[in-house]
Amino acid sequence: MVNVAVLGYGTVGSGVVQVIEDNNEVVCKKSGTDVKMKYILDLRDFPGDPYEKYLVHDFNTILEDDEVQVVCETMGGVGAAYQFTKQCLEKGKTVCTSNKELVAKHGPELLEIAKNNNCSYLFEASVGGGIPIIRPIMDALAAEKIESIIGILNGTTNYILTKMEQDKAAFEDVLKEAQALGYAERDPSADIQGHDAARKIAILSSLMLGETVDSDKIYTEGITGITADDFAFAADAKQTIKLLGVSKVTEDGKPLTYVAPFMIDKSHPLAMVNDVFNAIFVTGNMVGNTMYYGKGAGKLPTASAVCADVIDGARHVGKNVPCYWENKEAALAPFSEASHSFYIRIKADASAELEKLIPGGKFLTADVAGQKAYITPVITEKKYYETAATLGDAILSRVRVYQ
Ligand code: HSE
């Protein structure tokens, strides 16, 4: 018998309890043992809640109970969640989490503590919500040299970009609509500025490389500068715009990781991922291209991924489920050395000068008065910024083109 405690009875935590209770037969069968909910930790009271009987307010009740072998951390943040996770692992309790911020910030340290205490730190739900992606990279693709991971890793921004394209709407209007629908947070900055996606690609990159990629050191650009005019020009090039998290190995063997909006050909499988859906495109040197698609957020999809980890934890009580992720910082190639083709939207009267500065590109047409858009050949970031400095505020926007 395995007893489970859930830390934090919010959206994901209540989903975890629901999956363990409602799907108990399947959870037990696949665990090979009885799996029982024992505690829910929350500061709040939930009078009348069907699972009120599990509620405790003191973390030590869970920590000191040797019958609890698996703990689900669904609190979020890097404060109490970090302390509680550490303490549980030090006691030999496996911790399953959806907390991408904590995994990105302290993942390798917590994995090491788990290893030293014959338990596991499992985080399938931290990237892509209900989409299986951590386990495919760690297990199903274990024999691969992974060459690249490219993901639509944030549902809020994917919803906003999809609606901007479909409804020819302005960013601010769609953001308000997404907030009204509950897709975007009241403070949406981590999503729209790309930090949420940066944490997720940092976790995936760390698994790809086996070394730690610090999310704070990843070049990160959000979607706040994208306009309906950009989508109008993108349509002429048969492209759309997506916020991508990218991790790849450069030709000289250095890892390069970044988050930015990209123009992407409409025929690419990632271009077809719309609304709040996420998708991750993984290329291995033997298997070639693979893609993982589904709901990247939400109560039950995320809870389902946490519960898959609960089952893994229940199967491995007293043992460590290994994870190839060393507590050593990966030496990333500087983003300034990257090269891309750029889409540049510019005031019409400066377009000839742009073509002179970066020849060999092509102009796009759209019904946008007084403006032109130009797709450059592949150039370095440095070349783009030199050109932008020369043209000043004649440049209205720019988006890299995914190739
Ligand atoms: N805010 C995140 C998103 C939630 O929009 O994808 C899931 O991490």
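Please refer to the structure higher up on the page.
Below is a short write-up of the structure. From a predicted model like this one, the values you see are computed outputs, not experimental measurements.

**Focus on the overall build of the protein chain**
Step number 1: What the protein chain contains, in helices and strands, is 14 helices and 16 strands.
Step number 2: Computed over the C-alpha atoms, the radius of gyration of the protein chain is 23 Å, within 12% of the 22 Å expected from 2.2 N^0.38 for a compact globule of 403 residues.
Step number 3: When burial is assessed residue by residue, the protein chain has 54% of its 403 residues classed as buried.
Step number 4: The long-range fraction of contacts in the protein chain, counting pairs at least 24 apart against all pairs at least 6 apart in sequence, stands at 72%.
Step number 5: Within the structure as shown, the protein chain displays about 17,400 Å² of accessible surface, and the carbon and sulfur contribution to it stands at 49%.
Step number 6: When the 40 basic and 54 acidic side-chain charges of the protein chain are each reduced to a single mean position, those positions are 3 Å apart.

**As for helix H4 (residues 80-90)**
Step number 1: Looking at H4, one finds that the buried residues are Ala-81, Tyr-82, Phe-84, Thr-85, Cys-88 and Leu-89.
Step number 2: Where H4 ends, the next residue or the one after it, Gly-92, has phi of about 85°, a positive value.

**A few points about the side chain of Arg-345**
Step number 1: With respect to the secondary-structure elements, Arg-345 resides in strand S13 (residues 339-347).
Step number 2: Reaching out from Arg-345, the side chain makes a polar contact with the side chain of Thr-227 at a distance of 3.1 Å.
Step number 3: Setting aside residues no more than four positions away along its own chain, Arg-345 makes contact with Thr-227, Asp-229, Asp-230, Phe-233, Gln-371, Lys-372, Ala-373, Ala-394, Ile-395, Leu-396 and Ser-397.

**What about the packing of helix H7 (residues 155-167) against helix H8 (residues 171-180)?**
Step number 1: The contact between H7 and H8 brings their axes to 9 Å, and the two run at 125°. One way to sum up the angle between H7 and H8 is to call them oblique. In the crossing of H7 with H8, the sense of the turn from one axis to the other is right-handed. Contacts between H7 and H8 involve Tyr-159, Ile-160, Lys-163 and Met-164 from the former and Phe-171, Val-174, Leu-175, Glu-177 and Ala-178 from the latter.
Step number 2: The residue inventory of the contact of H7 with H8, partitioned by class, reads seven nonpolar, no polar and two charged.

**Re a negative patch on the surface**
Step number 1: Residues Asp-167, Glu-172, Asp-173 and Glu-177 make up a contiguous surface patch of negative charge.
Step number 2: Considering every element that reaches the negative patch, the biggest residue donor is H8, with three residues.

**Comments concerning the side chain of Asp-65**
Step number 1: Its place among the elements puts Asp-65 in the loop between helix H3 (59-63) and strand S4 (68-73).
Step number 2: At a separation of 2.6 Å, a polar atom in the side chain of Asp-65 contacts the side chain of Tyr-39.
Step number 3: Leaving out residues up to four positions away in the same chain, Asp-65 has contacts with Lys-38, Tyr-39 and Lys-93.

**Some details on the pairing of strand S5 (residues 94-97)**
Step number 1: Burial along S5 is two-sided: the face carrying Thr-94 and Cys-96 and the face carrying Val-95 and Thr-97 are both buried.
Step number 2: Two strands pair when backbone bridges link them, and S4 and S5 are joined in this way by four bridges, in the parallel orientation. In the sheet register, Cys-72 faces S5, and the bridge partner there is Cys-96.
Step number 3: Since S4 and S5 lie parallel, the crossover through H4 that links them has a hand, and here it is right-handed.
Step number 4: Across two bridges, the pairing between S5 and strand S6 (residues 121-122) is parallel. Residue pairing in the sheet places Cys-96 in a bridge with Leu-122 of S6.
Step number 5: In terms of handedness, the path from S5 via helix H5 (residues 100-116) over to S6 forms a crossover that is right-handed.

**With respect to the site of the ligand**
Step number 1: Taken together, Lys-100, Asn-154, Gly-155, Thr-156, Asp-191, Asp-196, Lys-200, Gly-296 and Ala-297 form the complete shell of residues around the ligand.
Step number 2: Within the contact set of the ligand, an oxygen atom lies 2.8 Å away from a backbone nitrogen or oxygen of Gly-155.
Step number 3: Thr-156 is positioned such that a nitrogen or oxygen atom in its side chain is 2.6 Å from an oxygen atom of the ligand.
Step number 4: Across the complex, the protein chains shield 82% of the 260 Å² of accessible surface that the ligand would expose by itself.

**Quick word on the sheet that holds strand S3 (residues 55-56)**
Step number 1: A sheet is described by the order of its strands in space; here six strands give the open sequence S3-S2-S1-S4-S5-S6, paired in parallel fashion. The sheet is open, and its two edges are formed by S3 and S6, each paired on a single side.

**A short note on the pairing of strand S9 (residues 239-249)**
Step number 1: Taking burial as the measure, the 11 residues of S9 include nine buried ones, the bulk of the element.
Step number 2: For strand S7 (residues 146-152) and S9, the ladder comprises four bridges, and the chain directions are antiparallel. Paired with Gly-151 across the two strands is Gly-245, which belongs to S9.

**Considering the environment of Tyr-402**
Step number 1: Turning to its location among the elements, Tyr-402 is positioned in the segment after strand S16 (395-401).
Step number 2: Sequence separation between Tyr-402 and Lys-242 is 160 residues; the distance between their C-alpha atoms is 9.6 Å.

**Regarding the packing of H5 against helix H10 (residues 195-209)**
The description of two helices packed together rests on the angle between their axes and the distance between the axes.
Step number 1: Running from N to C, H5 and H10 point in directions that differ by 50°, and their axes come no closer than 9 Å. Taken as axis vectors, H5 and H10 run oblique relative to one another. Crossing hand, H5 versus H10: left-handed. Residues Lys-100, Glu-101, Val-103 and Ala-104 of H5 touch H10, and the partners they reach there are Asp-196, Arg-199, Lys-200 and Ile-203.
Step number 2: The residue inventory of the contact of H5 with H10, partitioned by class, reads three nonpolar, no polar and five charged.

Procedures and definitions
Residues numbered from 1 in each chain as written. Predicted model: local features only at pLDDT ≥ 70, side-chain atom pairs only at ≥ 80, totals over all residues. Heavy atoms only, no water. Helix = DSSP H or I, 4+ residues; strand = E, 2+ residues; numbered from the N terminus. Rg over C-alpha atoms; globule rule 2.2 N^0.38 Å. Buried < 20%, exposed > 50% of the residue type's maximum accessible area, 1.4 Å probe, protein only. Contact = heavy atoms within 4.5 Å. Areas by Shrake-Rupley, 256 points an atom, 1.4 Å probe, with all protein chains shown as cover. Lys, Arg positive; Asp, Glu negative; His and termini not counted. Charge placed at Lys NZ, Arg CZ, Asp CG, Glu CD. Polar contact = N/O pair within 3.5 Å; in protein donor to acceptor, adjacent residues only side chain to side chain. Axes fitted to C-alpha atoms, helices over the stretch in contact; angles between N-to-C directions. Parallel < 35°, antiparallel > 145°, perpendicular 65-115°, else oblique. Left-handed = near helix turned anticlockwise from the far one by under 90°. Nonpolar A, V, L, I, M, F, W, Y, C, P; charged D, E, K, R; others polar. Patch = residues over 30% accessible without salt bridge, like charges linked within 9 Å, V, L, I, M, F, W, Y side chains within 5 Å. Salt bridge = Lys/Arg side-chain N within 4 Å of Asp/Glu carboxyl O. Pairing = 2+ DSSP bridges. Right-handed = clockwise from strand over helix to strand, strands pointing away. Near = heavy atom within 4 Å.

So, to be careful, I would describe these as geometric facts and stop short of saying anything about function.
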